[in-house]
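Summary of structural features
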Amino acid sequence: MTHRENKAHALSERGNDLYETPAVAVRALMAIEWMPQRIWEPACGPGAIVRELCAAGREVLATDLVDYGWKGQVSGLDFLKIEEAPEGIDCIVTNPPYKDARAFVEQAVRLCPRVMMLLRFSFYESISRGSILDTGTLARVYCFRKRLPMMHRDGWEGPKASSNMAFAWFVWDVSHRGPTQLSRMSWEDFTEADHAPGPMPMAAE
């Protein structure tokens, strides 16, 4: 099997490209970045990010193309085909499918003035993504000092390995102008949640 065939096979096996976000990554972001009360998670999966946001008292609109069967999720919604953000929503926080990462970012910054995406740190180095990286609205990039706990693909039954990939939170803010601030952040201080349970995901309007 050629390298190209092997790569294509790997992509076909990835299905919906669901890699659940570690809770510590969300807690670390909330500790360092301001978020509004109402937030949209458009690639919610089984709710990894939603649970942490709700536990911190945020109201979250949780949507996904796939139905993962949990209360509060709005399924069958293709984020890439949405014409405008739901009323009252001006912030998106998500970990997009890797294969659609660029399209998710382009759509998110078109729909909302404030966008926070968990992406591979290598996303920052691309020349082809200049239209979303070099506009002056990419305000901050927080790279983790230590690799995140491994995010295994949904349904993975192989050995559980340590992560060998660097991730970062990318924050776009339409009010920002100028160079991107590059910082390092730690997730190890957030292995235990220190917030009380908050509201359930909000219903779609």
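Just so you know, these numbers come straight off a predicted model, no measurement behind them. Sequence order as written defines the numbering, with residues in each chain counted from 1. It should be noted that, the model being predicted, local features are given only for residues of pLDDT at least 70 and side-chain atom pairs only at 80 or more, the latter also being counted only at that level, while totals for whole chains, interfaces and linings use all residues. Values shown for side chains rest on all heavy atoms present in the structure; no hydrogens or waters enter the calculation.

**Looking at helix α3 (residues 48–55)**
Here's how the labels work: a residue is buried when its accessible area is under 20% of the maximum for its type, exposed when over 50%, partly exposed in between, all with a 1.4 Å probe on protein chains only. The helix count covers DSSP runs of H or I at least four residues long, the strand count covers runs of E at least two residues long, and both are numbered beginning at the N terminus. α3 sits mainly inside the fold: seven of its eight residues count as buried. Between two residues, a contact is recorded if the distance between any of their heavy atoms is within 4.5 Å. Taken together, the buried residues of α3 touch α2 (23–32), β1 (38–41), β2 (59–64), β4 (91–94) and β7 (167–173). Gly 57 lies just past α3 and shows a positive phi near 95°.

**Section: the pattern of salt bridges**
For salt bridges, the criterion is a side-chain nitrogen of Lys or Arg within 4 Å of an Asp or Glu carboxyl oxygen. Scanning the model with the defined rule gives eight salt bridges in all. Among the salt bridges present, the one from Glu 20 reaches Arg 51, with a minimum N-O distance of 3.9 Å. Of this pair, Glu 20 sits in the loop between α1 (3–13) and α2 while Arg 51 sits in helix α3, placing them 31 residues apart in sequence. Residue classification places Glu 20 among the partly exposed residues on the basis of a relative accessible area of 33%. Here the salt bridges share partners, and the residues they tie into one network are Glu 33, Arg 114, Arg 140 and Asp 173.

**Things to note about the side chain of Thr 137**
By the secondary structure assignment, Thr 137 is in the loop between α5 (130–133) and β6 (138–144). What makes Thr 137 buried here is its relative accessible area of 17%. Setting aside residues no more than four positions away along its own chain, Thr 137 makes contact with Val 171, Trp 172, Asp 173, Val 174, His 176 and Arg 177.

**So, the packing of α2 against α3**
For the pair α2 and α3, the least separation of the axes is 9 Å and the interaxial angle reads 40°. Taken together, the axes of α2 and α3 are oblique relative to one another. The way α2 lies across α3 gives a crossing that is right-handed. In contact with Ala 23, Val 26, Arg 27 and Met 30 of α2, α3 contributes Ile 49, Glu 52 and Leu 53. Amino acids are sorted into nonpolar (Ala, Val, Leu, Ile, Met, Phe, Trp, Tyr, Cys and Pro), charged (Asp, Glu, Lys and Arg) and polar (every other residue, Gly among them). Grouping the amino acids of the contact of α2 with α3 by side-chain chemistry returns five nonpolar, no polar and two charged. Axis geometry follows a simple rule: fit a line to the C-alpha atoms, using only the stretch in contact for helices, then measure angles between N-to-C directions, giving values from 0 to 180 degrees. Orientation is classified from the angle alone, with under 35 degrees giving roughly parallel, over 145 giving roughly antiparallel, 65 to 115 giving roughly perpendicular, and any other angle giving oblique. A clockwise turn of the near helix away from the far one marks a right-handed crossing, whereas an anticlockwise turn of less than a right angle marks a left-handed crossing.

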